[in-house]
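# Per-entry structural report
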Amino acid sequence: MMNDVLNVIAKRYSCRDFADTPLTQTEVKSLVDAALAAPSAVNRQPWHICVITDKALIDELDMEGMNVLANAEDKSTYERIIQRGGKIFYNAPCMFMIASDGSPYSAMDCGILSQNIALAAHSLGLGNVICGMAGIPLSGPHGDDYKKRLQFPKGYGFGIAVLVGWAKSGKDPHEPDMGKVTYITP
């Protein structure tokens, strides 16, 4: 028997096709609340969440990321994104850019926070995808400028991001791979 939480976990998928519809303030607030409920090692909360609903800025970051990838020595990621429609952020109307203080366990803690956002978004009927590629525009020649515009605290760097919006199309979640599990029993 599945309860609501287990059902959300089982049905969530990575959305890569967002509608233009913006999120409401209530939806954004619900996702922020879910994010801030995330546990962290020693309750250090080594994150800062930049909630971006400025679609023009998200599109600008997308273009900057594509420029960085186009100028990279290895063009395989750039070519893969071009084949998927040429958008790193899939037209998402909202991005939760999570900055990290880089302390021990911060990568894990930011990952937990991003999962809270993703599961909460799915529970609200919103499409979402956890997006490590959001760090690409921050790694390019204008990265420091973007970190200032996004108001990263001093000393913080990219942790992870979550793209959220209304899905234009759905898909099934990935198939669980039970081969990845070992049971150690008495």
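What counts and how
Residues numbered from 1 in each chain as written. Predicted model: local features only at pLDDT ≥ 70, side-chain atom pairs only at ≥ 80, totals over all residues. Heavy atoms only, no water. 1 Å grid on protein atoms, 1.4 Å probe; cavity = no way out; pocket = protein on both sides within 12 Å on 5 of 7 lines; lining within 4 Å. Points joined across faces, edges and corners; volume = space filled by probe spheres on them. Helix = DSSP H or I, 4+ residues; strand = E, 2+ residues; numbered from the N terminus. Nonpolar A, V, L, I, M, F, W, Y, C, P; charged D, E, K, R; others polar. Expected span 1.5 Å × (residues − 1). Buried < 20%, exposed > 50% of the residue type's maximum accessible area, 1.4 Å probe, protein only. Contact = heavy atoms within 4.5 Å. Salt bridge = Lys/Arg side-chain N within 4 Å of Asp/Glu carboxyl O. Core = buried A, V, L, I, M, F, W, Y, C linked by side-chain atoms within 4.5 Å. Patch = residues over 30% accessible without salt bridge, like charges linked within 9 Å, V, L, I, M, F, W, Y side chains within 5 Å. Areas by Shrake-Rupley, 256 points an atom, 1.4 Å probe, with all protein chains shown as cover. Axes fitted to C-alpha atoms, helices over the stretch in contact; angles between N-to-C directions. Left-handed = near helix turned anticlockwise from the far one by under 90°.

### Concerning the layout of surface pockets
Where empty space is left can be seen by rolling a probe of water-molecule size over the atoms. Roughly 230 Å³ of internal volume is contained in the largest pocket. Lining the largest pocket are Met2, Ile9, Ala10, Arg12, Gln115, Leu119, Pro173, His174, Glu175 and Pro176. Looking at the lining of the largest pocket, the elements that each hand over two or more residues are α1 (4-11) and α5 (106-123). The residue makeup of the lining of the largest pocket, split by class, is six nonpolar, two polar and two charged.

### Focus on α5
Helix length check: α5 (18 residues) gives 26 Å between terminal C-alpha atoms against 26 Å at 1.5 Å per residue, within 8%. Residues of α5 that are buried include every one of Ser106, Asp109, Cys110, Leu113, Ser114, Ile117, Ala118, Leu119, Ala120, Ala121 and His122, and no others. For α5, the elements touching its buried residues are α1, α2 (25-36), β1 (47-52), β2 (94-100), β3 (127-130) and β4 (157-165). At the exit of α5 stands Gly125, carrying a positive phi of roughly 85°.

### A word on unusual backbone geometry
Even without being glycine, Gln45 reaches a positive phi, approximately 50°. Tracing the backbone through its elements, the reader meets Gln45 in the loop between α2 and β1. Judged by relative accessible area, Gln45 falls into the partly exposed class, the value being 36%. Even without a glycine there, the phi angle at Asn91 is positive, about 70°. Mapped onto the elements, Asn91 comes out in the loop between α4 (76-83) and β2. Asn91 sits in the partly exposed class, given a relative accessible area of 22%.

### Focus: the pattern of salt bridges
Where charged atoms from two side chains of opposite charge come close, those side chains can pair. All chains considered together, the criterion is met by four salt bridges. A salt bridge links Asp33 to Lys29; the shortest N-O distance between them is 2.8 Å. Of this pair, Asp33 and Lys29 both sit in helix α2, four residues apart, which is roughly one turn of the helix. Using a relative accessible area of 48% as the deciding quantity, one classes Lys29 as partly exposed. Residues Glu60 and Arg149 are paired through a salt bridge, measuring 2.6 Å at the closest nitrogen-oxygen approach. You can see Glu60 sitting in helix α3 (residues 55-70) and its partner Arg149 sitting in helix α7 (residues 143-149), a full 89 residues away along the chain. Classification of Arg149 as partly exposed rests on a relative accessible area of 45%.

### Some details on the nonpolar core
Within the largest apolar cluster, 29 residues are counted, with the highest numbers of intra-cluster contacts made by Ile52, Phe89, Met95, Met97, Leu150 and Leu163. Only β1, α3, β2, α6 (136-139) and β4 provide two or more residues apiece to this core. If you tally residues by element for this core, the top one is α3, at six residues. The residues touching Phe89, leaving out its near neighbours within four places in the chain, are Phe18, Ile58, Leu61, Asp62, Met95, Cys131, Met133, Ala134, Pro137 and Leu163. Formed by 20 residues, the second largest nonpolar core is a distinct cluster that contains Leu23, Leu113, Leu126 and Val162.

### A look at a nonpolar patch on the surface
On the surface, a nonpolar cluster with roughly 390 Å² of combined accessible area is contributed by Met2, Val5, Leu6 and Ile9. By secondary structure assignment, the location of Val5 is in helix α1. Relative accessible area serves as the criterion here: at 56%, Val5 is assigned to the exposed category.

### Side note on the packing of α2 against α5
Following both chains from N to C, one finds α2 and α5 inclined at 140°, their axes separated by 8 Å at the closest point. In the packing of α2 onto α5, the handedness of the crossing is right-handed. In contact with Leu31, Ala34 and Ala35 of α2, α5 contributes Leu113, Asn116, Ile117, Ala120 and Ala121. A breakdown of the residues in the contact of α2 with α5 according to their chemical character gives seven nonpolar, one polar and no charged.

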